[in-house]
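Observations on the model geometry
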Amino acid sequence: MEWADGKQRCHWANPHNELYIRYHDEEWGVPVHDDHRLLEMLILECFQAGLSWECILNRREAFRKAFDDFDLDKICDYGPEKTALLQQDAGIIRNRRKISAAVVNARIFRQIQQEYGSFDCYLWKWTDYRVIYETGRTDSSLSDAIAKDLKKRGMKFVGTTIIYAYLQAVGVIFSHEEGCYLHHSSDISRTE
């Protein structure tokens, strides 16, 4: 594939979508340790179930607006009126079950924060704060274990494939493909 800037990227990055290119180059695979961002990505990944990530990414700003910039306390307080409004918001995915899951998952996210001190501590403890390097997968024993634990806690839309994609998105798993200019990049750091 030919890229305008001459850089080779992972096969899934759409060269015709500037948002997608920026996401690939600047976010995907970069370790995240900020709970606010971890919540945002978890909610977005859950909405992605059965859809393309590009579809979600293109609606990200609408999701931010609809979900009060992913403010954990506000989402945890959503009641029937707010969820009904979300179901009418044409800017987001209006799936009733996914909207309900976002609220439930936010409440469980907060419980995990209380238990571990932060969601960051919970998530990264699974790898002892190490980044896992692997490509060409859609699940693993790590995503199996985390998905199982989150489901046991009551989260929804957190199957192993969604959790694997989430782990890639927040840099727990680094999956830039061979040939991609970011493959095994040494610029990975604890950035947030």
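Residues numbered from 1 in each chain as written. Predicted model: local features only at pLDDT ≥ 70, side-chain atom pairs only at ≥ 80, totals over all residues. Heavy atoms only, no water.

Sites flagged by UniProt as "binding site: Zn(2+)" (unreviewed entry) map to Cys-10, His-24, His-176 and Cys-180. A maximum C-alpha distance of 10.3 Å among these annotated residues, which run over 171 residues, shows that they cluster at one spot. Topologically, Cys-10 is positioned in the segment before helix H1 (18-27). Assessed through its relative accessible area of 0%, Cys-10 is described here as buried. In this structure Cys-10 touches Trp-3, His-24, Trp-28, Ser-175, His-176, Glu-177 and Cys-180, once residues within four positions along its chain are discounted. Locating His-24 in the fold gives a position in helix H1. A residue is classified by how much of its surface remains accessible, and His-24, at 0% relative accessible area, is buried. In this structure His-24 touches Arg-9, Cys-10, Trp-12, Ala-13, His-176, Cys-180, Tyr-181 and Leu-182, once residues within four positions along its chain are discounted. (UniProt positions renumbered as here; feature names shortened; annotations may be inferred. Helix = DSSP H or I, 4+ residues; strand = E, 2+ residues; numbered from the N terminus. Buried < 20%, exposed > 50% of the residue type's maximum accessible area, 1.4 Å probe, protein only. Contact = heavy atoms within 4.5 Å.)

Quick look at the packing of aromatic side chains now. Scanning all chains against the criterion turns up 14 aromatic pairs. Pairing Phe-63 with Phe-67 gives two aromatic rings, centres 6.3 Å apart and planes at 20 degrees, and the pair type is stacked. Using a relative accessible area of 0% as the deciding quantity, one classes Phe-67 as buried. Note on Trp-124 and Tyr-129: the rings are 6.4 Å apart at their centroids and 20 degrees apart in plane angle, and the pair reads as stacked. When its relative accessible area of 34% is taken as the criterion, Tyr-129 is described as partly exposed. (Phe/Tyr/Trp six-rings, centres within 6.5 Å; stacked < 30°, edge-to-face > 60°.)

You can see Thr-138 is positioned in the loop between strand S1 (132-133) and helix H9 (141-153). Assessed through its relative accessible area of 52%, Thr-138 is described here as exposed. Once the C-alpha coordinates of Thr-138 and Ile-93 are considered, the two residues, 45 residues apart in sequence, prove to be 23 Å apart.

Bringing unusual backbone geometry into the picture now. Positive phi, normally seen in glycine, also occurs at Asp-69, with a value near 55 degrees. Structurally, the position occupied by Asp-69 is in the loop between helix H4 (60-66) and helix H5 (72-76). A positive phi angle, near 60 degrees, is found at Asp-128, a position not held by glycine. Relative to the assigned elements, Asp-128 resides in the loop between helix H8 (119-125) and S1. With a relative accessible area of 61%, Asp-128 lands in the exposed category.

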